[in-house]
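# Report on the structure
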Amino acid sequence: MTQQTARLRIRRGTADELRYDEFTVPFDDGASVLDALLWIRTRRDPSLAIRYSCISANVCKECVIAIDGVVDYACTTRLRAGAVMTLEPLPGKPVLRDLVTETRPPRERL
Amino acid sequence: MTHLETDILIVGAGGAGMYAAIAASRAGATRVLLADKSLVGRGGATVMAQMTVAAALGEECPDDWTAHFDDTLASGRGLCDEALAAVLCQEAPARIREMAEWRVGWARRADGRIAQVAAPGHSRPRCCYVDFLNTGPAVAATLRRQIARIDAIRRVSNLTVTDIVTDCGAAVGAVALDGAAGEPVTIAANAVIVATGGLTRIFRRNSASANMGGDGYALALAAGADLVDMEFVQFFPIGHLAPRLVGMDPIMWDPFRYKLGGRLLDGNGREFLADYGSDETSGYTTPRDIATYAIHKEVAAGRGSPHGGVYLSFAHVKRAALEAAFGPVIERLARNGIDLVRMPVEVAPIAHYQMGGIAVDEGMASRVPGLYAAGEATGGANGANRLSGNAIPEALVFGERAGRFAAAYAATHRPGWDRRLGAEALARIRSLADGRQGDIGAAVLLDELRELMWREVGPFRTAAGLGRALFRLGEMRAALPELAIAPGRVCNATLADWFDLRASLLAAEAVTRAALARTESRGAHQREDFPDSDPAWASRQHVSMRSDGMILVGSSP
């Protein structure tokens, strides 16, 4: 396996903030955006908020975000070396924090 | 502060929790609160199930629940709680047929009967499924549709129950963290059902979803319930290892073996299962505990594949047969660069299921009045090694029972809520949610915990390794009050990590202490220093927690 490096620019903060943090993440062939986000949470910034549940089986569908402006799942999108990848919350939903949006059905909220 | 009142609080909304909610409302409960720390019906293990659901339907050939029961006991290596195993096997057909009425879409034979395949450990074809690798998502979606139709069921997503509240020794409600707002919530409940699934997330290699870190075991221990059989963690033998696969569950090779056989080969391309007494000439028949043992031994002997597992090959299967059996899945594999006709994949054991869990009776009641459990969170039915296909019926059958019996209890026990209750748990959430300085946070320790459990408490164990694990678990538990928590209440991931770590450490300690005490090898519990099964150990161990937090292991009463 060859190790490569991804550069991720991630939208951070709550609804009324707008800032981006950039992270450099080492990865092995075939690693996903979700792998990188979990790596960042353990090794760089545990406060990074993301939604995920099934971890790469792509059945919970919770990790849907915007990747370079395209709506996709973090768990099935492969990392790319070189150019910066921009990660933003799912458009059209209220932002709660970082990449977490209010995707709960209205009847499932308190 | 939010305060909720309900007849029945269900913690965890996978298959067991959702079925419990349906059954509780059918039994007359008019207020059922179904809470999940993830999204209702999307987290947990049910949605991950790939294929097999065992039930003695007799669609393919004559079958009877007693035959399923005999197979379950044989797989359990002499340790099953026979009363629970009997309930599981006897009621599985009714639940599976009810799911069919709810249009889950079980795969059908040409004559319209439900298709059933043979799985390892079963004496006949008994496992139904939904194509293609869609059993779990179909079961979860069907139950989500059912609960959405029932007005009595209130669903709440992103609500993490942190403590079950007891009064005079009985469960009377809970304290929870509203993850979105970062605020505490109190819940008054006449009865509480724990349906949080298992704990396999505490092992580095696992097939778990994020919320399977053992929460329910920790909640039950702290509330005064017993756990049973905690040393028995099923390591699924052929979890995917390489090449890297995304968008698919790592246990997906099991259905391939059900339908197409497949051959397990060592690093030199030689079949090895026969060396361990398992002859697969008649198909996929090797039980999970034996396959895990055989793969471990091959790798230890230097005959593993490049990434430290063994090969699984379907090269002998014709492309047309592959496509007929797995249609769209073959395309998904191609997107991952895998062509089964041309290449084998690498597989290795992976933590998959916890046989042990909360000790319950046939009515799913724990020893704490008002506290029930269902699904993987319970222990006993599967003994030392779960039979393939028994997990989903366990979720459905035990879920139905827990809902029904908890509703009967809740109808006659209305303890009420006193605002002094849960004060300590509330104060803890408030204090942590304000943020805290510290050198490290819980995320780092959760990562270390998974490495530690895999290395020292994994498929093969020794007294020395288990001792090292206990020492470090103790240090981590002592460090909990000092861990850093970031400021900001809304969706605070570090706060969620703290509660995850607190629960996982208790669950991990329960597994490790039980594993150290059992000085023999049996089923999924393999001790390198006690390699043989000992008839004197044909009994279950209970784990409990003293009021000072000390975890104790004792033999079954």
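This section reports on the structure supplied with the text. (Residues numbered from 1 in each chain as written. Chains lettered and ligands numbered in written order. Predicted model: local features only at pLDDT ≥ 70, side-chain atom pairs only at ≥ 80, totals over all residues.)

Take the overall build of chain B next. Helix and strand counts for chain B stand at 13 helices and 18 strands. Taking 557 residues into account, the globule formula puts the C-alpha radius of gyration at 24 Å, and chain B, at 23 Å, falls close to it. Here the C-alpha coordinates of chain B stretch approximately 65 × 55 × 50 Å along the principal axes. Classification of the 557 residues of chain B by burial places 61% in the buried group. Restricting to contacts in chain B with at least 6 residues of sequence separation, those with at least 24 account for 75%. (Helix = DSSP H or I, 4+ residues; strand = E, 2+ residues; numbered from the N terminus. Rg over C-alpha atoms; globule rule 2.2 N^0.38 Å. Buried ≥ 20, exposed ≤ 12 C-beta atoms within 10 Å, placed from the backbone. Contact = placed C-beta atoms within 7 Å.)

Along chain A, the regular secondary structure elements total 1 helix and 7 strands. When the helices and strands of chain A are placed in sequence order, the string is β-β-α-β-β-β-β-β. In summary, chain A has a C-alpha radius of gyration of 14 Å against a globular reference of 13 Å for 110 residues, a match within 12%. Taken over 110 residues, chain A has a buried fraction of 44%. Taking the contacts inside chain A whose residues are at least 6 apart along the sequence as the reference set, 46% of them involve residues at least 24 apart.

A few words on the environment of B:Ala377. Residues and elements named next belong to chain B. On the secondary structure map, Ala377 appears in the loop between strand S15 (371-373) and strand S16 (378-379). Given 34 C-beta atoms within 10 Å, Ala377 falls into the buried group. Sequence separation of Ala377 and Gly356 is 21 residues, and the distance between their C-alpha atoms is 7.8 Å. If we skip the residues at most four places from it in the chain, Ala377 touches Val194, Ala195, Thr196, Gly197, Gly216, Gly357 and Ile358.

Turning to helix H5 (residues 215-223) of chain B, a few remarks are in order. All names here are of chain B. Within H5, 8 of the 9 residues are buried, leaving the element largely enclosed by the surrounding structure. Residues of H5 that are buried include every one of Asp215, Gly216, Tyr217, Ala218, Leu219, Ala220, Leu221 and Ala223, and no others. Of the residues one or two after H5, Gly224 is the one with positive phi, at around 105°.

Residues and elements named next belong to chain B. For the peptide bond that leads from Asp131 to Phe132, omega is -25°, which places it in the cis range. Relative to the helices and strands, Phe132 is located in the loop between strand S4 (127-128) and helix H4 (135-148). In this chain, Ala242 is followed by Pro243 through a cis amide linkage whose omega measures -5°. Positionally, Pro243 belongs in the loop between strand S10 (233-242) and helix H6 (253-260). Although it is not a glycine, Arg103 sits at a positive phi angle of roughly 65°. Given 11 C-beta atoms within a 10 Å radius, Arg103 is considered exposed. In this structure, Asp229 is a non-glycine residue whose phi angle is positive, near 60°. With respect to the secondary-structure elements, Asp229 resides in the loop between strand S9 (227-228) and S10. When the 32 C-beta atoms within 10 Å are taken as the criterion, Asp229 is described as buried.

The next point concerns the sheet that holds strand S17 (residues 541-545) of chain B. Residues and elements named next belong to chain B. Taken in spatial order, the 5 strands of this open sheet run S16-S14-S9-S17-S18, and their pairing is mixed. Each of the sheet's edge strands pairs with one partner strand only, and the pair in question is S16 and strand S18 (551-555). Inspection of the sheet shows strand S14 (residues 357-359) paired to S16 by 2 bridges, in the parallel sense. Across the sheet, residue Ala359 finds its bridge partner in S16, namely Gly379. (Pairing = 2+ DSSP bridges.)

Another point: the nonpolar core. Residues and elements named next belong to chain B. Counting residues in hydrophobic clusters, the biggest one holds 227 residues, and the most contacted among them are Ile8, Ile10, Val192, Ile193 and Tyr372. At 16 residues, the largest contribution of residues to this core is made by helix H13 (residues 493-517). Ignoring anything within four residues of it in the chain, the contact list for Val192 reads Leu9, Val11, Ile164, Ala171, Ala174, Gly370, Leu371 and Tyr372. (Core = buried A, V, L, I, M, F, W, Y, C linked by C-beta atoms within 7 Å.)

The subject of this paragraph is the sheet that holds strand S2 (residues 19-28) of chain A. All names here are of chain A. With respect to topology, 5 strands assemble into an open sheet ordered S2-S1-S5-S3-S4, the strand pairing being mixed. The sheet terminates laterally at S2 and strand S4 (70-73), the two strands that pair on one side only. Across the sheet, the mean angle separating the axes of adjacent strands is 35° when strand polarity is ignored. As judged from the 4 bridges shared by strand S3 (residues 64-67) and S4, these two strands associate in the antiparallel manner. Counterpart to Ile67 in the pairing with S4 is Val70. (Axes fitted to C-alpha atoms, helices over the stretch in contact; angles between N-to-C directions.)

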